[in-house]
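Notes for the structure review
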Amino acid sequence: MAAGDHLSARDRQQIDKAIRRAETQCRYEISVFVGAAESESQPFAQRLHAALAAPARSILVMVDPVARLLEIVTGADVRRDLRDSEVELVVLEMQSSFATGDLLDGLTRGINMLAEHATPQRTLHAEA
């Protein structure tokens, strides 16, 4: 997680804890980048995501607080369990927290929501 000067050491620890819990829950890797994005945020976020150790099994949250940019990039494996509409809901929730100036809350809530939505549904098979 890159956090720049926008988060305190304590904030970064809380985000790291949220990431660990979320990864345990959904079994996908979650990365957070907080800092200056290049002029086109979506290609920048996609390059960050592609540079991860296992991009197919990863979710990247990229936030540029100064430019007010937020991008979430999901890998091919993740998209089997996490729909675009669910990601859009997470983005709206995060933006709501960011609008009140609460970067930490927005990130932790977003991470938790992504994990909830990305957790594969368990199905029970009845014997015939």
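Just above, that's the structure.
Description of the structure in this document. (Residues numbered from 1 in each chain as written. Predicted model: local features only at pLDDT ≥ 70, side-chain atom pairs only at ≥ 80, totals over all residues. Heavy atoms only, no water.)

Section: helix 4 (residues 103-118)
Helix length check: helix 4, at 16 residues, gives a terminal C-alpha distance of 22 Å against a target of 22 Å (1.5 Å per residue), a fit within 8%. Against helix 1 (9-26), strand 1 (29-34), strand 2 (58-64), strand 3 (69-74) and helix 3 (84-99) lie the buried residues of helix 4. Structurally, the start of helix 4 carries an N-cap: the backbone nitrogen of Asp-105 is 3.0 Å from a side-chain oxygen of Asp-102. (Helix = DSSP H or I, 4+ residues; strand = E, 2+ residues; numbered from the N terminus. Expected span 1.5 Å × (residues − 1). Contact = heavy atoms within 4.5 Å. Polar contact = N/O pair within 3.5 Å; in protein donor to acceptor, adjacent residues only side chain to side chain.)

Points about the side chain of Asp-64
Examined against the element boundaries, Asp-64 turns out to sit in strand 2. Of note is the side chain of Asp-64, whose polar atom sits 2.8 Å from the backbone nitrogen of Ala-37. Polar contacts involving the side chain of Asp-64 include one to the main-chain amide nitrogen of Val-66, which spans 3.2 Å. Setting aside residues up to four positions removed in sequence, Asp-64 forms contacts with Gly-35, Ala-36, Ala-37 and Leu-69.

Examining helix 1
Relative to the 26 Å expected for 18 residues at 1.5 Å per residue, helix 1 spans 26 Å between its end C-alpha atoms, a close match to the ideal helical length. The set of residues buried in helix 1 consists of Asp-11, Ile-15, Ala-18, Ile-19, Ala-22 and Cys-26. Buried residues along helix 1 cover an arc of 105° about the axis, so they all sit on one side. Relative to its buried face, helix 1 has exposed residues pointing more than 90 degrees away, namely Arg-10, Gln-13 and Thr-24. (Buried < 20%, exposed > 50% of the residue type's maximum accessible area, 1.4 Å probe, protein only. Arc of directions from axis to C-beta.)

So, the nonpolar core
Formed by 29 residues in total, the largest nonpolar core has its most connected members in Ile-15, Val-32, Ile-59, Val-61, Ile-72, Leu-107 and Ile-111. Counting residues per element, the ones that place at least two in this core are helix 1, strand 1, strand 2, strand 3, helix 3 and helix 4. It is helix 4 that provides the largest number of residues to this core, a total of eight residues. Among residues more than four places away in sequence, those in contact with Ile-72 are Ile-59, Leu-60, Val-61, Val-87, Val-90, Val-91, Met-94 and Leu-114. Within the second largest apolar cluster, seven residues are counted, among which are Ala-37, Ala-45, Leu-60 and Met-62. (Core = buried A, V, L, I, M, F, W, Y, C linked by side-chain atoms within 4.5 Å.)

What about the side chain of Thr-108?
With respect to the helices and strands, the residue Thr-108 is situated in helix 4. Residue classification places Thr-108 among the buried residues on the basis of a relative accessible area of 17%. In this view, Thr-108 contacts Gln-14, Ile-15 and Ala-18; residues no more than four positions away in its chain are not counted.

Things to note about the sheet that holds strand 2
Sheet strands pair by backbone hydrogen bonding; their relative direction is either parallel or antiparallel. Spatial ordering of the open sheet is given by 1-2-3, a layout of three strands whose pairing is mixed. The sheet is open, and its two edges are formed by strand 1 and strand 3, each paired on a single side. If you compare each strand with its neighbour and ignore which way they point, the axes differ by 10° on average. The pairing of strand 1 with strand 2 spans six bridges and is parallel. Across the sheet, the residue bridging to Ile-30 is Ile-59, located in strand 2. With respect to the sheet, helix 4 is in contact with strand 1, strand 2 and strand 3, its orientation differing from that of strand 2 by roughly 160°. (Pairing = 2+ DSSP bridges. Axes fitted to C-alpha atoms, helices over the stretch in contact; angles between N-to-C directions.)

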